[in-house]
Amino acid sequence: MNKVVVGAQWGDEGKAKITDLLAQNADLIIRYQGGCNAGHTVVAHNKTFKFHLIPSGILYEGKTCFIGAGTVILPEYFEEEIQGLIKEGIDVSGLKINPLASITMPWHTEIDGYSENTAGKGKIGTTKKGIGPTYTDKMARIGLKIEDLYSEEALSEKLDIILPLKNKQLKEVYGLKTYTKEEVTALCRKYAEIFKPYVCFEWQKVLEDAKREGKAVLFEGAQGVMLDVDYGTYPFVTSSNPIGGGACTGSGYGPKMIDEVIGVAKAYVTRVGEGPFVTELKDETGGKIREIGHEYGVTTGRVRRCGWFDAVTMKYAVLVGGLTSVALTKIDVFDTFDEIKLCTAYKDTRNGEIYTNYPTDVFCHKYLEPVYETHKGWGVDVSGIREYNNLPENCKKYLSRLEELLEVPISIISVGPDREQTIFKINIK
Ligand code: GDP
Ligand code: IMO
Ligand code: MG
């Protein structure tokens, strides 16, 4: 069974924990989009591992872990991450990079930083890792791919096209430093060395063999459906496609290779950066969720905005994300809550209209109020529970209500950060 792990909210849902868990039974794990904007945490054997680009499956020996063609790679950051893992004694020999992945060049991070610092009201709150500008150049067909680093001729020809354009833009639009061809060529030589042990020019064969031999493939998404460049809260999104469909474009496999799409969602919602968030709690309750859930960013250390579970956006995520089941994480965070709210609709304060379908026009979100139903808390520490039937009744009621609203089953319930702190409601291992 081949599975995709997709973030179903605005990122940081606990995808890495679920990927790590499912990677036990996978042979090939492919990260399909995004870059080091992601911050993925895995807790295993009392140790915490933080990943940005490297698939969370790397903790198991003997698995092939691909950084797919749909990703963007910041070389220095990649090197830091890999060296960190090697220092921890992790075997990284199974790591492979698709040579079609894009490279984040220094001008991409510089433009990202400049745009954020000067955008005023248009600020997105990016991670400043050059994600938007790298994908922009990829789409404009003036980007560099990993494979370009290994052909002096191709690189030279490409730089002759890219650099005059880029330098004009850097100087005249942004007032930023320009680059000489010699400088960039030297940089690319350095990058070629960084990636050399991992670049897999035989990636087609690896994918074909895995398909022919019926190997289990796990597709790992970063970010989340609501940050998808096509379906998310545009323009407050990232620049790639975290949705289930992104697994195809980003990995090199077609849709028929996918059996299950597991959408990871927290029992509440968090968001980092700017953009609409209808169920956001700016009060004590939001603070309580943040403190108990340790809601601070892995990549940027920023405070995560917190709010109640939003079944309106989640239902939308089920549709556009292509979800076949949900992995619900962090239910343990509610152990001490007397009441838990669940947003089932939005009310338009301009005319009183009620929406149960997600309105994609984010401009109107400032006029929307959440319509809540209130559930009783369970007042029990669930972090040690491993069987669905042993969960407190109020917790089971809350989960059943979610399934009813979302019209997909909950397959996994996560009751703590550790690999072991998991309940499989449906056996999808
Ligand atoms: P990702 O980006 O989706 O992989 O998620 P992050 O790693 O950015 O953030 C999720 C955080 O929640 C991490 O610190 C995880 O260790 C933690 N976590 C994951 N699942 C659970 C859970 O069920 N309960 C609690 N308390 N923490 C969890
Ligand atoms: P993981 O994989 C949460 C957010 C940023 C910003 C917007 C655009 O850990 O869930 P970008 O740097 O991508 O151009 O920023 O997207 N963002 C994330 N938020 N989790 C992430 O990744 C994110 N990656 C990007 O905060 O609002
Ligand atoms: Mg994260």
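Residues numbered from 1 in each chain as written. Chains lettered and ligands numbered in written order. Predicted model: local features only at pLDDT ≥ 70, side-chain atom pairs only at ≥ 80, totals over all residues. Heavy atoms only, no water.

1. Observations regarding the site of ligand 2
Logical step 1: Taken together, 21 residues are adjacent to ligand 2, and Asp 12, Lys 15, His 40, Thr 127 and Thr 238 come closest.
Logical step 2: Between an oxygen atom of ligand 2 and a side-chain N or O atom of Thr 127, the distance comes to 2.6 Å.
Logical step 3: For ligand 2, an oxygen atom lies 2.8 Å from a polar atom in the backbone of Gln 223.
Logical step 4: Notes on ligand 2: free accessible area 550 Å², of which the protein chains cover 98%.
Logical step 5: A molecule is said to occupy a pocket when more than half its atoms come within 2 Å of that pocket's grid points, and by this definition ligand 2 occupies the largest pocket. (Near = heavy atom within 4 Å. Polar contact = N/O pair within 3.5 Å; in protein donor to acceptor, adjacent residues only side chain to side chain. Areas by Shrake-Rupley, 256 points an atom, 1.4 Å probe, with all protein chains shown as cover. 1 Å grid on protein atoms, 1.4 Å probe; cavity = no way out; pocket = protein on both sides within 12 Å on 5 of 7 lines; lining within 4 Å. Sits in = over half its atoms within 2 Å of the grid points.)

2. With respect to the site of ligand 1
Logical step 1: Near ligand 1, the surroundings consist of 19 residues, among which Lys 15, Gly 39, Thr 41, Asp 332 and Ser 414 are the closest.
Logical step 2: At a separation of 2.6 Å, an oxygen atom of ligand 1 approaches a polar side-chain atom of Thr 41.
Logical step 3: For ligand 1, whose free accessible area comes to 590 Å², the fraction covered by protein is 91%.
Logical step 4: The cavity where ligand 1 resides is the second largest pocket.

3. Some thoughts on the coordination of the magnesium ion (ligand 3)
Logical step 1: Coordination of the magnesium ion (ligand 3) by the protein comes from Asp 12 (OD) and Gly 39 (O), over a distance range of 2.0 to 2.1 Å. Of the two residues, Asp 12 sits in the loop between strand S1 (3-7) and helix H1 (15-23) while Gly 39 sits in the loop between strand S2 (28-31) and strand S3 (40-44), which places them 27 residues apart along the sequence.
Logical step 2: By relative accessible area, which is 11% here, Gly 39 ends up buried. (Donors = N, O, S within 2.8 Å, 3.2 Å for Na, K, Ca; no water. Helix = DSSP H or I, 4+ residues; strand = E, 2+ residues; numbered from the N terminus. Buried < 20%, exposed > 50% of the residue type's maximum accessible area, 1.4 Å probe, protein only.)

4. With respect to the pattern of salt bridges
Logical step 1: Evaluated as defined, the whole model comprises 23 salt bridges.
Logical step 2: Residues Asp 137 and Lys 166 are paired through a salt bridge, measuring 2.9 Å at the closest nitrogen-oxygen approach. Taken together, the positions of Asp 137 in helix H4 (residues 131-139) and Lys 166 in helix H5 (residues 152-173) put the pair 29 residues apart, joining distant regions of the chain. Lys 166 shares its class with Asp 137; the two are buried.
Logical step 3: Taken together, the salt bridges that share partners define one network made up of Asp 12, Lys 266, Glu 295, Arg 304 and Lys 330. (Salt bridge = Lys/Arg side-chain N within 4 Å of Asp/Glu carboxyl O.)

5. Focus: the nonpolar core
Logical step 1: Core analysis: the largest hydrophobic core is formed by 74 residues, its most contacted members being Phe 309, Ile 331, Phe 334, Leu 391 and Leu 399.
Logical step 2: Top contributing element to this core by residue count: helix H10 (residues 311-321), with seven residues.
Logical step 3: Looking at this core, you find at least three residues from each of domain 1 (3-100 + 198-261) and domain 3 (265-424).
Logical step 4: Setting aside residues no more than four positions away along its own chain, Leu 391 makes contact with Ile 331, Val 382, Ile 385, Lys 396, Leu 399, Ile 413 and Ile 423. (Core = buried A, V, L, I, M, F, W, Y, C linked by side-chain atoms within 4.5 Å. Domains from an automatic or database assignment. Contact = heavy atoms within 4.5 Å.)

6. Describing the domain arrangement of the protein chain
Accessible area lost during the coming together of the parts is what is often quoted as the interface size.
Logical step 1: Split by domain assignment, the protein chain resolves into domain 1 (3-100 + 198-261), domain 2 (102-195) and domain 3 (265-424).
Logical step 2: The interface of domain 2 with domain 3 comprises six residues on the first partner and five residues on the second.
Logical step 3: Along the contact surface separating domain 2 from domain 3 lie zero salt bridges.
Logical step 4: Counting the contacts that link domain 2 with domain 3 gives two residue pairs in polar contact (both at pLDDT 80 or more).
Logical step 5: In terms of residue class, the side of domain 2 that touches domain 3 is made up of one nonpolar, three polar and two charged. (Nonpolar A, V, L, I, M, F, W, Y, C, P; charged D, E, K, R; others polar.)

7. Here we look at the sheet that holds strand S7 (residues 95-97)
Logical step 1: Ordered by their spatial adjacency, nine strands build an open sheet running S7-S5-S2-S9-S1-S10-S13-S17-S18, and the pairing between neighbours is mixed. In the strand order of this sheet, the two ends are held by S7 and strand S18 (422-424), each with one partner. Going across the sheet, the axis of each strand differs from the next one's by a mean of 20 degrees, ignoring polarity.
Logical step 2: Looking at chain direction, S1 and strand S9 (residues 217-220) are connected through three bridges and run parallel. Within S9, the position partnered with Lys 3 by the bridge is Leu 218. (Pairing = 2+ DSSP bridges. Axes fitted to C-alpha atoms, helices over the stretch in contact; angles between N-to-C directions.)

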